[in-house]
Amino acid sequence: MRKVTNDLYWVGANDHRLALFENCFPIPRGVSYNAYCLLDEKTVLFDTVDWSACRQLLENLAYVLDGRELDYLLVNHLEPDHAACIEEILLRHPKVKLISNEKAFMLMRQFGFHVDGHECIEVKEGDTFSFGKHTVTFVGAPMVHWPEAMVTLDVTDGVLFSADAFGTFGALDGKL
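Everything in this summary refers to the structure shown in the same document. These figures come from a predicted structure and were not determined experimentally. (Residues numbered from 1 in each chain as written. Predicted model: local features only at pLDDT ≥ 70, side-chain atom pairs only at ≥ 80, totals over all residues. Heavy atoms only, no water.)

Geometry of an aromatic ring pair is reported as the spacing of the ring centres plus the angle between the planes. Counted under the stated rule, the structure contains seven aromatic pairs. For the pair Y72 and F129, a centre-to-centre distance of 5.3 Å together with 75° between the ring planes defines the contact as edge-to-face. Separated by 57 residues along the polypeptide, Y72 in strand β9 (residues 72–74) and F129 in strand β12 (residues 128–130) bring together distant segments of the chain. Overall, the relative accessible area of 9% leaves Y72 in the buried class. Classification of F129 by relative accessible area gives buried; the value is 18%. Above the plane of the ring of Y72 lies K97, whose end atom (NZ or CZ) is 5.6 Å from the centre. (Phe/Tyr/Trp six-rings, centres within 6.5 Å; stacked < 30°, edge-to-face > 60°. Helix = DSSP H or I, 4+ residues; strand = E, 2+ residues; numbered from the N terminus. Buried < 20%, exposed > 50% of the residue type's maximum accessible area, 1.4 Å probe, protein only. Lys NZ or Arg CZ within 6 Å of the ring centre and 35° of its normal.)

Turning next to unusual backbone geometry. A positive phi angle is found at D66, which is not glycine, with a value near 50°. Mapped onto the elements, D66 comes out in the loop between α1 (54–65) and β9.

Within the open sheet, the seven strands sit side by side as β1-β2-β7-β8-β9-β10-β11. Their pairing is mixed. Both outer strands of the open sheet, β1 (2–3) and β11 (120–122), are each paired with one neighbouring strand and no more. The pairing of strand β2 (residues 8–10) with strand β7 (residues 36–39) spans three bridges and is classified as antiparallel. Looking at β7, one finds that Y9 is bridged to C37. Sheet contacts for helix α4 (residues 102–110): β10 (97–100) and β11; angle to β10, the most-contacted strand, approximately 125°. (Pairing = 2+ DSSP bridges. Contact = heavy atoms within 4.5 Å. Axes fitted to C-alpha atoms, helices over the stretch in contact; angles between N-to-C directions.)

This next bit is on the nonpolar core. Formed by 36 residues in total, the largest nonpolar core has its most connected members in L45, L78, I86 and M108. Those elements that provide at least two residues to this core are β6 (31–33), β7, α1, α3 (86–92) and α4. The element best represented in this core is α1, accounting for six residues. Core analysis: the next-biggest nonpolar cluster, separate from the first, contains 16 residues, I99, I121, V123 and V136 among them. (Core = buried A, V, L, I, M, F, W, Y, C linked by side-chain atoms within 4.5 Å.)

Moving on to the sheet that holds β12. Sheet architecture is open: four strands sit in the order β12-β13-β14-β15, paired in antiparallel fashion. At either end of the open sheet lies a strand with only one pairing partner, and these are β12 and β15 (159–161). Taken over all neighbouring pairs, the strand axes of this sheet differ in orientation by 25° on average, direction set aside. For β12 and strand β13 (residues 135–140), the ladder comprises three bridges, and the chain directions are antiparallel. Residue pairing across strands places T128 opposite T137, the latter belonging to β13.

For the α-helix, the turn length of 3.6 residues means that residues three or four positions removed from each other point alike. With 12 residues, α1 should cover 16 Å at 1.5 Å per step; its first-to-last C-alpha distance of 16 Å lies within 8% of that length. Residues of α1 that are buried include every one of C54, L57, L58, N60, L61, V64 and L65, and no others. Down the axis of α1, the sector holding all buried residues measures 165°, keeping them to one side. Along α1, exposed side chains directed more than 90 degrees from the buried face belong to R55 and Y63. Each element contacted by the buried residues of α1 is listed here: β2, β7, β8 (43–46) and α3. Positioned one or two residues after α1, D66 has a phi angle of 50°, which is positive. (Expected span 1.5 Å × (residues − 1). Arc of directions from axis to C-beta.)

Honestly, it's all geometry; don't read function into it.
What follows is the structure in structure tokens.
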């Protein structure tokens, strides 16, 4: 876990166990799975992580939330290294509301995530959403990697949650 801004924490994980990412790309320096938690009037988890790192995400998230409820799970991208733990978050946080776009919700249902038991907030290009003092805006990024990808900009602090738009390999190992 690393503090990024006054209200934002990296709660992802590093992975050094794989030689190849997606059985294709050499990753001699490992890879990081980037998920973030925003603590505002409402709490928000931006994406999840690969299934192999789910336990670390859950521990980091519990530490950062420090007894608070998770109010929102915002999903920018459905590839497993970003979204494999959605179901685990839904099970552990039964009141969480999901924020994503139409195509992402369609894929979540196709992938077997039980999202319909939760409030699903569908956003479109240019929509904004406030969590308290932080307001985010959504920008579609289809085919940056997958057809449902979007990016989310926290206009309050100027932080971009970029899905895979600027991705690279290499574990962060404590460095941001």
